[in-house]
Amino acid sequence: MFRTALRNVLAHRSRLLMTVLSVMLGVAFASGTLVFGDTVSSAYRHAMSTDLAGVDLALTAGPTAPPGASGPDQNLLRQASHLPGVASARGTVSGFAAVAGRDGHLVASTGSSLGANYAPGPDGTDPDHPLTAGRAPARAGEIALDQGTADRAGLHPGDTVRLSVNGPVRTEKLVGTFTSKDPQVTAGGSLTLFDTATAQNLYATPGHYSRIVLTAAEGTGQDQLADTVHRILPTDGSVTATTGSDLAAQQAATINSNTRTLTGALLGFSAIALFVSVFVIANTFTMLIGQRTRELALLRAVGATRRQVVRAVRTEALLVGAASAAAGCLLGVGIAAAVRTVLAAAGTDLPAGPLVVTPATVVGSLAIGVLVTLFASWLPARRTAKIPPVAALRSADTPPAQRTLVLRGAVGVVLAALGAWLIHSGISTGGGVGMKTTVLGVPFVLGSLIAAAPVLARPLAAAAAPLLERGFGTVGRLARINAARNPRRTGATAAALAIGVTLVTGLTVLSGSMNAAIGQRATDGLKADYQVNLAMPGSLAPSVAATLAAQPGVTAAGALQSSHLTVDGTTVSATGADPATVERVLDLKAVSGSLTDLASPSTVLVSQDAAQEHGWSVGSTIPAAFADGAHATLRVGAVIEPNRFVMDLLLPTATLRAHGATEDATVLVTTDHGGDSATTDRLVHALGDNPALDIKDQAQLRAENSGQLGSLVNTLYGLLGMSVLIAALGVANTLILSVHERTREIGLLRAVGLSRGGLRRMVRLEAVVVSLLGTAVGLVAGGVIAWSICATAGMGLSLPVTGLPLIAAAAIALGLLAAAWPARRAGRLNLLDALDRR
């Protein structure tokens, strides 16, 4: 029976081609994801271990360090350098430094624009940053840049460089270039080095470091060095020591966690693609078994048992799955290599490293392909056991019983009822629990539509009759009849397409609704015309607000600070604002009390949510501990409505500044002319045309927030493209097998006068009917899913006017494209050979 199965696979290889392609693409998606994830993880781990070379012990700020001290101080560095077993001790400081090129734009992305100090060892050189040209920065006004940044910006020692650390533009002299092993820098980021005193003023406080790096003397282990250093560490826990091996383990754990998150998300989309391929595989084997009924009956007639026939079909599936999985695994490795090349060409360089193909990836990919194929062919294989030997005497295959459609319709109704109940419960409950309930009901709704797709095939074909018959005459009528002839086949083919359309529709409607809601909320509670932020998360120097307030036409420039307080053992978020400007930049609304009470240093305004959570009201006293450890009793002056710019508590700026909040989180600017282009240009110029600052008016804030899902949504569209492609292969596969199954019928049509062109048109119109069914089911299911999620979240539904028609048109066009080869094949059939077919 194994030889029989092998011969059958080889004999029907052309009819199995689309099945092989669908499994291969799904497996390639999965294996490529695993290979790329392992490669990236390995490269970053290697880069991190290289960057930590020479770091045997690191001293950093501990959990009890006060905000004013960024970390270990100069005195601790001096003590550590004289300890036995210490070969060298260096203090490092790090932070954000955005470098502008000659064109005024940032050389690197804000997230990878780094700043640090040049930290020489005993020999006067910094082992982490070996110089390639010039010298190290020695005083204020001097910097060194990594060689990659200098090359991209066209800068050389002696040039003047514009950069920003916390808002104001700084003009520095480039005195040297260096190389760095930092993976962020080698991946295309920038690193600016200052002298130590300047870096401490910028990123810490004078005499303090972000980290002290100790290198052990020969013969001294890391644990031994840690034991020695612990004797000089502060007993209050303000400084902690971590060995180099522990740092490497922590970074490796972080890298693995991030990689697992990315890999898990991508594998989810590959699972969707493989799920779609299940419909293609099941349809293929169902049709092949139907076409080989007499052959299988003959096997029974010559002595094969039911179990042997079933085993033969499953062996065919095993062979197809194994071959497809092997090809998919190889294709996935190629895809992973290609992605690395594309990312490098786009400027997103990853750390260097080999392509990692683990045995687990190979075995897992092969297992996925084989198991998916066996699962999809399980039911068709079982049906072969019901083929009686007497079927070998029949001249035509018996059509499927109609009761199957009744059963599937009943299953669809039950699933729809369960889904509707879960969604209704989720919407009624709301919140996180309600959302989980709603999401749980989504698969039931989708399953009900897929189960009922064969039941809908004939009504939809009948509904399309006027369009097909009036537009295409007899050819259109034949296409409609052929599509409705086997509703199970049509429904199964349409179901694969429906899954892709459902996901794309749901994503389109949901992202449009979310963008509309986010855009509206971006400026709720804001009176100011502009918001000024650092281009990456960080703090602004107080001079930014002062500079903007001094500009002509500016009526208010209010800076907001961010901090936290401890109340009754609970951390509470706090915002600081200037009482003189806060009501001119924010639309604060008091539920009770008076906003003017903010002028008192010991008065606090509390948000309505925080007041309800903690039981506060006007006049309540709040015993609080500030971030610097100081204690105070605050009085509630007013309870205010929720405002996205204000956290739980709103305090005067002076109060927070007195307790360590020395920089601003954002600056809000109100002008007498609103957010016009001339005012924007004046503000940008006043801040030195600083590319590290974001200055946005209200319209830009709304556009930025409403469009912030754009990149993510486009990425998701691309990932769903594989599922849609496999669905298109399913349409082509069904039509190819259908053409083969109806060869004699096609010959008769040609004999009675149907032209080759008419025959090709008939096959294409059959694809249109299948696509219409899949599109209709997908649009309904996607719309229901998006509506249910929006309703549960309390968000309005926004239907894209152009998006949904485009999805429908694209799905139908995809069906027509998939029909191109089957239609051509049908048109090329020889008339006499087709009539002679038995």
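Before any of the text, the structure's been laid out above.
Report on the accompanying structure. Computed from a prediction, not measured in an experiment: that's the story for all the values here.

## Comments concerning the overall build of the protein
Scanning the protein from terminus to terminus reveals 27 helices and 22 strands. The C-alpha extent of the protein, read off along each of the three principal axes, is 100 × 70 × 50 Å. Considering the protein as a whole, with its 838 residues, one finds that 48% of them fall into the buried category. In the protein, 82% of the contacts between residues at least 6 apart in sequence involve partners at least 24 apart. Counting only carbon and sulfur atoms, one obtains 60% of the accessible surface of the protein, whose full area is about 36,700 Å². The distance from the centre of the 62 positive side-chain charges to the centre of the 51 negative ones in the protein is 26 Å.

## Quick word on the packing of aromatic side chains
One pass over the structure, following the stated rule, counts 2 aromatic pairs. Judged by centre distance (6.3 Å) and plane angle (70 degrees), the ring pair of phenylalanine 194 and tyrosine 203 falls under edge-to-face. The class for phenylalanine 194 is buried, based on a relative accessible area of 0%. With 5.4 Å between their ring centres and 85 degrees between their planes, phenylalanine 275 and phenylalanine 279 make a pair best called edge-to-face. Of this pair, phenylalanine 275 and phenylalanine 279 both sit in helix α8 (residues 244-291), separated by 4 residues, roughly a single helical turn. Classification of phenylalanine 275 as partly exposed rests on a relative accessible area of 41%. Given the relative accessible area of 16%, phenylalanine 279 is considered buried. The ring of phenylalanine 645 carries the charged tip of arginine 644 above its face, separated from the ring centre by 4.4 Å.

## A word on the packing of helix α14 (residues 465-485) against helix α24 (residues 756-792)
One way to put it is that α14 packs onto α24 with a least axis distance of 8 Å and a crossing angle of 70 degrees. Taken together, the axes of α14 and α24 are roughly perpendicular relative to one another. For the pair α14 and α24, the crossing hand works out as right-handed. In this structure, α14 contributes Leu468, Phe472, Val475, Gly476, Leu478, Ala479, Asn482 and Ala483 to the contact, and α24 contributes Gly758, Arg761, Met762, Leu765, Glu766 and Val769.

## Focus on the pattern of salt bridges
In total, this model carries 10 salt bridges according to the counting rule given. For the salt bridge of arginine 102 with aspartate 159, the shortest nitrogen-to-oxygen distance reads 2.9 Å. Residue arginine 102 is found in the loop between β4 (98-100) and β5 (113-117), and its partner aspartate 159 is found in the loop between α4 (147-153) and β8 (160-164); the two are separated by 57 residues along the sequence. For arginine 657, the salt bridge goes to aspartate 664, with nearest N and O atoms at 2.8 Å. If you follow the salt bridges from partner to partner, you end up with Arg90, Asp126 and Asp128 in one network.

## Quick word on unusual backbone geometry
The backbone of aspartate 568 sits at a positive phi, close to 55 degrees, despite the residue not being glycine. Here aspartate 568 shows up in the loop between β14 (554-567) and β15 (570-577). Accessibility expressed as a relative area gives 69% for aspartate 568, which makes it exposed. The backbone of aspartate 689 sits at a positive phi, close to 50 degrees, despite the residue not being glycine. Among the structural elements, aspartate 689 can be located in the loop between α20 (677-686) and β22 (693-697). You can call aspartate 689 partly exposed: its relative accessible area is 41%.

## Focus on the pairing of strand β12 (residues 239-243)
Burial within β12 is extensive, with 4 of its 5 residues counted as buried. The pairing of strand β1 (residues 57-61) with β12 spans 5 bridges and is classified as antiparallel. Paired with leucine 59 across the strands is alanine 241, a residue of β12.

## Considerations on helix α7 (residues 222-229)
Here α7 has its buried residues at Leu225, Ala226, Thr228 and Val229. Seen from one end, α7 has its buried residues packed into an arc of 160 degrees, which puts them on one side. Every exposed residue of α7 that faces more than 90 degrees away from the buried side is listed here: Asp223 and Asp227. The inward-facing, buried residues of α7 contact β1, β2 (86-92), β11 (211-216) and β12.

## Topic: helix α15 (residues 487-521)
Helical geometry: 3.6 residues make up each α-helical turn, so side chains three or four residues apart lie on a common side. Between its terminal C-alpha atoms α15 stretches 48 Å, which fits the 51 Å expected from 35 residues at 1.5 Å a residue. Of all the bends in α15, the greatest, near 25 degrees, is centred on alanine 496. By the criterion of burial, α15 is predominantly enclosed, with 27 of the 35 residues buried.

Rules of the game
Residues numbered from 1 in each chain as written. Predicted model: local features only at pLDDT ≥ 70, side-chain atom pairs only at ≥ 80, totals over all residues. Heavy atoms only, no water. Helix = DSSP H or I, 4+ residues; strand = E, 2+ residues; numbered from the N terminus. Buried < 20%, exposed > 50% of the residue type's maximum accessible area, 1.4 Å probe, protein only. Contact = heavy atoms within 4.5 Å. Areas by Shrake-Rupley, 256 points an atom, 1.4 Å probe, with all protein chains shown as cover. Lys, Arg positive; Asp, Glu negative; His and termini not counted. Charge placed at Lys NZ, Arg CZ, Asp CG, Glu CD. Phe/Tyr/Trp six-rings, centres within 6.5 Å; stacked < 30°, edge-to-face > 60°. Lys NZ or Arg CZ within 6 Å of the ring centre and 35° of its normal. Axes fitted to C-alpha atoms, helices over the stretch in contact; angles between N-to-C directions. Parallel < 35°, antiparallel > 145°, perpendicular 65-115°, else oblique. Left-handed = near helix turned anticlockwise from the far one by under 90°. Salt bridge = Lys/Arg side-chain N within 4 Å of Asp/Glu carboxyl O. Pairing = 2+ DSSP bridges. Arc of directions from axis to C-beta. Expected span 1.5 Å × (residues − 1). Bend = angle between axes of the 7 residues up to and from the residue.

Read these as geometric descriptors, not functional statements.
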